[in-house]
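The primary structure of each chain is shown beneath.
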Amino acid sequence: MKIIAGNWKMNGSQSALDKIISDLSEIDTQNTVILCVPYTMLNTKSDKIAIGAQDISKHTSGAYTGEISAQMVASTGAKYVIIGHSECRQYHGDTNSDVREKATQALNNGLIPIICVGETMDEKQAGKTMAVIESGVRECIPSDINTKIIIAYEPRWAIGAGLTPTSAEIADAHNLIAKTLADMGLSGTPILYGASVKGNNAAEIMSISNVDGVLVGGASLKSDDFIPIITSVK
Ligand code: PGA
């Protein structure tokens, strides 16, 4: 059983979400399916898929115009929240320390954080991939956690680019994350791979050791693209 999470980013509409939920209710899968949608769609209910947000504030409440708290997201019935996505790091300046604060907010409000780590192209070319991944895991996860979290390895240079690392590179990254999590007392934490996952590479990627599922951007927007990913693995 795998976890297949979609990240709609600033795309889609309520009618598109209702349509994909209806299409997904037709398929037979044991996999956990999550759709992380824009805030305006968080209130959507489905017994087949779980709904998640794409970011939350690191603050509990107060004068933070435009932000949304973990408590507000949780009150919609959403169960998950992506934290530390590459685009939030790039456009909002989120650091590992911000990610850790947001993850703490998520956990305090009963949301499962999907914490993203991964290297930029510059970091890859400088031979820093493994160091960035390990420090990401160590610095983004709050201490003393006793509830579920999910980690997503997303090589930032590959997101939306139609590029993926080699299977060996994905294996190295996921093995390092699993080892680091074990060292932190968090063995068994699911580790997703994300960046340019499509119907034609999903099964192969999910057959790699320590890949417990995928985080899918562009290919999660339409049933024709998303369902083949969900049904590509048992
Ligand atoms: P992509 O996005 O699948 O479109 O590369 C992945 C992500 O941003 O999580």
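The coordinates are above.
Computed from a predicted model, the values in this text were never measured in an experiment.

How each quantity is defined
- Starting from 1, residues in each chain are numbered consecutively following that chain's sequence as written.
- Given that the model is predicted, a residue must reach a pLDDT of at least 70 before its local features are reported, and side-chain atom pairs must reach 80 or more before they are shown or counted; all residues, however, enter totals for whole chains, interfaces and linings.
- Each side-chain value is worked out from all heavy atoms of the structure, with water and hydrogens disregarded.
- Only protein atoms enter the 1 Å grid, on which a cavity is a set of points fitting a 1.4 Å probe that cannot get out and a pocket is an open set with protein on both sides within 12 Å along at least 5 of 7 lines, lining residues being those with an atom within 4 Å of a point.
- Grid points are joined across faces, edges and corners, and a volume is the space filled by probe spheres set on the points.
- Every helix listed is a DSSP run of H or I at least four residues long, and every strand listed is a run of E at least two residues long, numbered separately from the N terminus.
- Relative accessibility decides the category of a residue: with a 1.4 Å probe and only protein chains considered, values under 20% of the type maximum give buried, values over 50% give exposed, and everything between is partly exposed.
- Directions from the helix axis toward the C-beta atoms define the arc.
- Should any heavy atoms of two residues lie within 4.5 Å, those residues are counted as being in contact.
- To obtain an axis, a line is fitted to C-alpha atoms, over the contacting stretch when the element is a helix, and the angle between two such axes runs from 0 to 180 degrees between their N-to-C directions.
- Any angle that falls under 35 degrees is termed roughly parallel, while one over 145 is termed roughly antiparallel, one within 65 to 115 roughly perpendicular, and all others oblique.
- A crossing counts as left-handed when the near helix is turned anticlockwise from the far one by less than a right angle, and as right-handed when that turn is clockwise.
- Asp and Glu count as negative and Lys and Arg as positive, but His and the ends of the chain are not part of the count.
- Note on definitions: salt bridges are taken to be side-chain nitrogens of Lys or Arg within 4 Å of carboxyl oxygens of Asp or Glu.

Participant: Where do I start with the layout of surface pockets in this structure?
Facilitator: Picture a little ball the size of a water molecule; that probe, rolled over the atoms, points out where space is still empty. Put simply, the largest pocket is a space of about 540 Å³. As for the largest pocket, its lining consists of 24 residues, of which Y39, Q54, D55, C88 and H92 are closest to the centre. Within the residue set of the lining of the largest pocket, elements represented by two or more residues are α3 (86-92) and α4 (96-108). It is α3 that contributes the most residues to the lining of the largest pocket, four residues altogether.

Participant: Mind showing me how you'd approach helix α9 (residues 223-230) here?
Facilitator: For the α-helix, the turn length of 3.6 residues means that residues three or four positions removed from each other point alike. Listing the buried residues of α9 in full gives S223, F226, I227, I229 and I230. Burial along α9 is one-sided: seen end-on, the buried residues are contained in an arc of 160°. Check the buried side of α9 and you find it contacts β1 (3-7), α1 (14-24), β2 (32-36), α8 (202-206) and β8 (213-216).

Participant: Help me out: how do you make sense of the packing of α4 against helix α6 (residues 129-140) in this one?
Facilitator: Geometrically, a packed helix pair is captured by the angle between its two axes and the distance between the axes. Contact geometry for α4 and α6: axes closest at 8 Å, N-to-C directions at 40°. One element, α4, and the other, α6, form an angle in the oblique class. The hand of the α4/α6 crossing is right-handed. Between α4, through N96, V99, R100 and A103, and α6, the contact on the second element is made entirely by S135, G136, R138, E139 and C140.

Participant: It is not clear to me how the side chain of R89 should be interpreted in this structure. Could you clarify?
Facilitator: Relative to the assigned elements, R89 resides in helix α3. Buried and without a salt bridge, R89 has D94 as its closest oppositely charged side chain, separated by 7.1 Å. Not counting residues within four places of it along the chain, the set of residues in contact with R89 comprises G84, D94, T95, N96, V99, C116, V117, C140 and R156.

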